[in-house]
Amino acid sequence: MKNYVFAIWCICLITALSCSKEQQAPTVNRVETFIPFAPNYVLNYTNVYAEIMRLDIKFSEKVLRQTVIESGHYTSHNCLERNNIFGYKGGVKDSSNKEGYAIYDNWMESVAAYKRWQEKRLTDNCVDYYQFLIDNKYHEGGEDYEKKCDGVRLVIVKK
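Computed from a predicted model, the values in this text were never measured in an experiment.

Draft legend 1. Representation of the confidence of the model for the protein chain. Chain-level pLDDT for the protein chain is 80 on average; 72% of the residues reach the 70-or-more range. When pLDDT is averaged over each element of the protein chain, helix α5 (residues 107-121) comes out on top at 96 and helix α1 (residues 2-20) at the bottom at 47. A low-confidence stretch, residues 3-10 (pLDDT under 50), is modelled with zero contacts involving residues beyond four sequence positions or located in other chains.

Encoded structure:
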């Protein structure tokens, strides 16, 4: 009987001591967030796709292919000098911008403009995105545009 009482007393003591210990805070993993206009946010396929995904632009892979075609693989004058990776017009026409291309402070603003354009026009029942682009007079490439875009080979690794 003494052993039984002693065992219960030990269990109670251990329980009391473990409860009285200060509880440690759970480990928190630090998550670095994207800073929209960081100077090192370089224009490349990976970063453009990340921005497209961050903004939740629909048909993301086709849109990424559009940026490649419209910007000449991010090397065109329009892309490099105006930060316009979609070939948007709507800027002031002058001697240096005869076509009136839109000018952005950085390429991410161009992606944000595309998101706004898409939100105004795209419906939930869209299944053929290239037909949607034709219907909304997005490009002047005709039937060839889909072939050009689909001809851009991408390897997208989703984690």
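There is more to say, and it comes next.
Draft legend 2. Spatial organisation of the nonpolar core. Counting residues in each nonpolar core, the largest one holds 32 residues, and the members touching the most others are Y88, Y114, Y129 and L133. Mapped by element, the contributors of at least two residues to this core are α2 (45-54), α3 (60-71), α5, α6 (129-135) and α7 (144-150). Ignoring any residue separated from it by four or fewer positions in sequence, one finds L133 in contact with Q66, Y114, W117, Y138, H139 and Y145.

Draft legend 3. Summary view of a negative patch on the surface. Negative charge collects at one region of the surface, where D128, D135, E143, D144, E146 and D150 lie side by side. Sorting elements by how many residues they give to the negative patch places α7 first, with three residues. The residue D128 is located in the loop between α5 and α6 in this model. Using a relative accessible area of 36% as the deciding quantity, one classes D128 as partly exposed.

Draft legend 4. Seen up close, the environment of I134. Take I134: it is sitting in helix α6. Look at I134 and you get partly exposed, because its relative accessible area is 31%. On a C-alpha basis, the gap between I134 and E146 in space is 9.8 Å, while along the polypeptide they are twelve residues apart. Those residues in contact with I134 that lie beyond four places of it in its chain are H139 and E143.

Draft legend 5. Region of interest: the side chain of N47. Looking at the element boundaries, N47 is found in helix α2. Ignoring any residue separated from it by four or fewer positions in sequence, one finds N47 in contact with Y41, V42 and W107.

Draft legend 6. Spatial organisation of the packing of α2 against α3. Between α2 and α3, whose axes approach to 10 Å, the crossing angle comes to 135°. As far as their axial angle goes, α3 and α2 are oblique. The two elements α2 and α3 meet at a crossing, and its hand is right-handed. Residues Y45, V48, Y49, I52 and M53 of α2 pack against S60, E61, V63, L64, T67 and V68 of α3. Partitioning the contact of α2 with α3 into residue classes produces eight nonpolar, two polar and one charged.

Cut-offs and rules
- Residues numbered from 1 in each chain as written.
- Predicted model: local features only at pLDDT ≥ 70, side-chain atom pairs only at ≥ 80, totals over all residues.
- Heavy atoms only, no water.
- pLDDT = per-residue confidence, 0-100.
- Helix = DSSP H or I, 4+ residues; strand = E, 2+ residues; numbered from the N terminus.
- Contact = heavy atoms within 4.5 Å.
- Core = buried A, V, L, I, M, F, W, Y, C linked by side-chain atoms within 4.5 Å.
- Buried < 20%, exposed > 50% of the residue type's maximum accessible area, 1.4 Å probe, protein only.
- Patch = residues over 30% accessible without salt bridge, like charges linked within 9 Å, V, L, I, M, F, W, Y side chains within 5 Å.
- Areas by Shrake-Rupley, 256 points an atom, 1.4 Å probe, with all protein chains shown as cover.
- Salt bridge = Lys/Arg side-chain N within 4 Å of Asp/Glu carboxyl O.
- Lys, Arg positive; Asp, Glu negative; His and termini not counted.
- Charge placed at Lys NZ, Arg CZ, Asp CG, Glu CD.
- Axes fitted to C-alpha atoms, helices over the stretch in contact; angles between N-to-C directions.
- Parallel < 35°, antiparallel > 145°, perpendicular 65-115°, else oblique.
- Left-handed = near helix turned anticlockwise from the far one by under 90°.
- Nonpolar A, V, L, I, M, F, W, Y, C, P; charged D, E, K, R; others polar.

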